[in-house]
Amino acid sequence: MSPFTDDRLLAPDYPGDVQRRSIEEIRAMRAECQEAEVGQSYVRRLAQGRIDIVAAEMRRRAEGEEPGDLASLVQRLPEILAEHTRPPGPGRLPTLIAPSQEQEADAAAELDAIVDAGRLAHLPELSDDEVRALVDDLTEYERAVSERRRLLHDRIDTLQAELTRRYKTGEASVESLLR
């Protein structure tokens, strides 16, 4: 688990019997899940960026190009990182745009444990096996983050569906949104 996603949010019994919860409780739970999802989305983007950088090094080697230095890597970053700027699917309109500073620090620490900026700068010096291992480790990490995001989206959808049901049935009123 990620240190900045509360394990209880990902537990199978969360959110429990939503029909018995108060509307305030459901809204608070939804907000908590949305905040955690923003953190997961952020770390996923960071992981994908590092995957793209390491994959570009693998392509460079496969195409027989000469290794570059840090300056050439920095110069190529816009091209490397632009390859996967829009994921497939309809996406979601975020209510929060950026993670907390604590989430950012935790995300950076997790990724740095796999490959930090210094090691990325020295990719040309690593063996082919070391570069492949980095791609494998980063890809596995990104899959785990994506799974946590999917679970959080499931929680958010469940909570939102209950709120919507209550408005449709009249159990909750639109005026309650203004409170």
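In case you missed it, the structure is sitting above this.
The text that follows walks through the structure, step by step, so that each part is easy to find. For clarity, every value in this text was computed on a predicted model and none was experimentally measured.

Quick look at the overall build of the chain
Here comes step 1: A count of helical and extended segments in the chain gives six helices and zero strands.
Here comes step 2: Burial analysis of the chain (179 residues in total) assigns 38% to the buried set.
Here comes step 3: In the chain, once contacts between residues fewer than 6 apart in sequence are set aside, the share between residues at least 24 apart is 82%.
Here comes step 4: Here the chain displays about 10,800 Å² of accessible surface, and carbon together with sulfur accounts for 54% of that area.

So, the nonpolar core
Here comes step 1: Grouped together as the largest cluster of nonpolar side chains are 21 residues, with contacts concentrated most on Val54, Leu123, Leu138 and Tyr141.
Here comes step 2: Counting residues per element, this core draws most heavily on helix H2 (residues 23-62), which supplies seven residues.
Here comes step 3: Once residues within four sequence positions are removed from consideration, tyrosine 141 is found in contact with Val43, Ala47, Glu110, Leu111, Ile114 and Arg148.
Here comes step 4: Listed in part, the 15 residues of the second largest apolar core include Tyr14, Ile26, Ile156 and Leu159.

Quick look at the pattern of salt bridges
Here comes step 1: Scanning the model with the defined rule gives 16 salt bridges in all.
Here comes step 2: Glutamate 32 serves as the salt-bridge partner of arginine 8, at 2.1 Å between the closest nitrogen and oxygen. Taken together, the positions of arginine 8 in helix H1 (residues 7-10) and glutamate 32 in helix H2 put the pair 24 residues apart, joining distant regions of the chain.
Here comes step 3: On the accessibility criterion, glutamate 32 (28% relative accessible area) is partly exposed.

Things to note about H2
Here comes step 1: An ideal rise of 1.5 Å per residue puts 58 Å on 40 residues; H2 measures up with 56 Å between its terminal C-alpha atoms.
Here comes step 2: Remark: glycine 64 follows H2 within two positions and exhibits a positive phi of approximately 75°.

Describing the side chain of arginine 60
Here comes step 1: Structurally, arginine 60 can be placed in helix H2.
Here comes step 2: With sequence-adjacent residues up to four places away left out, arginine 60 is seen in contact with Glu65, Glu66, Pro67, Gly68 and Pro124.

Some details on helix H6 (residues 128-169)
Here comes step 1: Here H6 contains 42 residues, and its C-alpha end-to-end distance of 61 Å stays within 8% of the 62 Å for a straight helix at 1.5 Å per residue.
Here comes step 2: Taken from the residues just after H6, glycine 170 is the one with a positive phi, measuring 90°.

As for the environment of arginine 149
Here comes step 1: Looking at where arginine 149 falls in the secondary structure, it is placed in helix H6.
Here comes step 2: You can call arginine 149 buried: its relative accessible area is 16%.
Here comes step 3: A C-alpha to C-alpha distance of 9.0 Å links arginine 149 and arginine 44, two positions 105 residues apart in sequence.
Here comes step 4: The contacts of arginine 149, once residues within four sequence positions are left out, are Glu37, Gln40, Ser41 and Arg44.

Reading the values: rules and limits
- Residues numbered from 1 in each chain as written.
- Predicted model: local features only at pLDDT ≥ 70, side-chain atom pairs only at ≥ 80, totals over all residues.
- Heavy atoms only, no water.
- Helix = DSSP H or I, 4+ residues; strand = E, 2+ residues; numbered from the N terminus.
- Buried < 20%, exposed > 50% of the residue type's maximum accessible area, 1.4 Å probe, protein only.
- Contact = heavy atoms within 4.5 Å.
- Areas by Shrake-Rupley, 256 points an atom, 1.4 Å probe, with all protein chains shown as cover.
- Core = buried A, V, L, I, M, F, W, Y, C linked by side-chain atoms within 4.5 Å.
- Salt bridge = Lys/Arg side-chain N within 4 Å of Asp/Glu carboxyl O.
- Expected span 1.5 Å × (residues − 1).

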